[in-house]
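Descriptive structure summary
Given next are the chains, with one letter for each unit.
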Amino acid sequence: MVDLVRGEPAFPNSAIEDFVIARGDGSPVFLTANVVDDLDEGITQVIRGEEHLSNTPKQQLLWEALGAKPPVWAHLAPAENLIRAGERRYAGSAGRRPACRVGALARVPNPAGT
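Residues numbered from 1 in each chain as written. Predicted model: local features only at pLDDT ≥ 70, side-chain atom pairs only at ≥ 80, totals over all residues. Heavy atoms only, no water.

We now examine the overall build of the protein chain. Secondary structure summary: the protein chain contains four helices and two strands in total. Tracing the protein chain from N to C terminus, the helices and strands come up as α-β-α-β-α-α. A total of 114 residues make up the protein chain; the buried ones form 26% of that total. When contacts within the protein chain are restricted to residue pairs at least 6 apart in sequence, long-range pairs at least 24 apart make up 66% of them. (Helix = DSSP H or I, 4+ residues; strand = E, 2+ residues; numbered from the N terminus. Buried < 20%, exposed > 50% of the residue type's maximum accessible area, 1.4 Å probe, protein only. Contact = heavy atoms within 4.5 Å.)

If you want it as structure tokens, here you go:
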């Protein structure tokens, strides 16, 4: 698995436990539904918070099991952390908070390079 922000995080097979892909009634669990929906929508890039990094190997396996090319992954630090860091930098500067929020979000890596 390659992540545009994190590089190539290692997830050995022994660390990926067996996981459920459907409930007893046959309806898909979120992980499966998410992959199928992304495939149906033609998603090629998944950019999300780092808290979802641990789900990615399972999703990657589902993409591959369905015979599809997995999307490009990018896991970012939560935007709120970036915003708070910017606000601390401008503490006491009246009127700067909205500007620092924009600045914090502008520093988020852009996988598309645009």
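Let us look at a nonpolar patch on the surface. Nonpolar side chains collect at one region of the surface, where Leu 4, Val 5 and Val 72 lie side by side and expose about 210 Å² of accessible area between them. In this fold, Val 72 is placed in strand β2 (residues 72-76). Judged by relative accessible area, Val 72 falls into the partly exposed class, the value being 35%. (Patch = residues over 30% accessible without salt bridge, like charges linked within 9 Å, V, L, I, M, F, W, Y side chains within 5 Å. Areas by Shrake-Rupley, 256 points an atom, 1.4 Å probe, with all protein chains shown as cover. Salt bridge = Lys/Arg side-chain N within 4 Å of Asp/Glu carboxyl O.)

Of the pairings in the sheet, the one linking strand β1 (residues 45-49) to β2 comprises five bridges and is parallel in character. Counterpart to Gln 45 in the pairing with β2 is Val 72. For the segment spanning β1, helix α2 (residues 56-65) and β2, crossover handedness is right-handed. (Pairing = 2+ DSSP bridges. Right-handed = clockwise from strand over helix to strand, strands pointing away.)

So, on to the pattern of salt bridges. Following the criterion strictly, the structure yields two salt bridges and no others. Among the salt bridges present, the one from Glu 50 reaches Arg 6, with a minimum N-O distance of 2.4 Å. Residue Glu 50 is located in the loop between β1 and α2, and its partner Arg 6 is located in the segment before α1 (30-41); the two are separated by 44 residues in the primary sequence. A residue is classified by how much of its surface remains accessible, and Glu 50, at 33% relative accessible area, is partly exposed. Residue Arg 6 is classed as partly exposed on the basis of its relative accessible area, which comes to 35%.

With that out of the way, let us pick up the packing of α1 against α2. For the pair α1 and α2, interaxial distance at closest approach is 10 Å and the crossing angle is 55°. Between α1 and α2, the interaxial angle falls into the category oblique. In the packing of α1 onto α2, the handedness of the crossing is right-handed. Where α1 abuts α2, its residues Leu 31, Thr 32, Asn 34, Val 35, Asp 38 and Leu 39 lie against Lys 58, Gln 59, Leu 62 and Trp 63. A breakdown of the residues in the contact of α1 with α2 according to their chemical character gives five nonpolar, three polar and two charged. (Axes fitted to C-alpha atoms, helices over the stretch in contact; angles between N-to-C directions. Parallel < 35°, antiparallel > 145°, perpendicular 65-115°, else oblique. Left-handed = near helix turned anticlockwise from the far one by under 90°. Nonpolar A, V, L, I, M, F, W, Y, C, P; charged D, E, K, R; others polar.)

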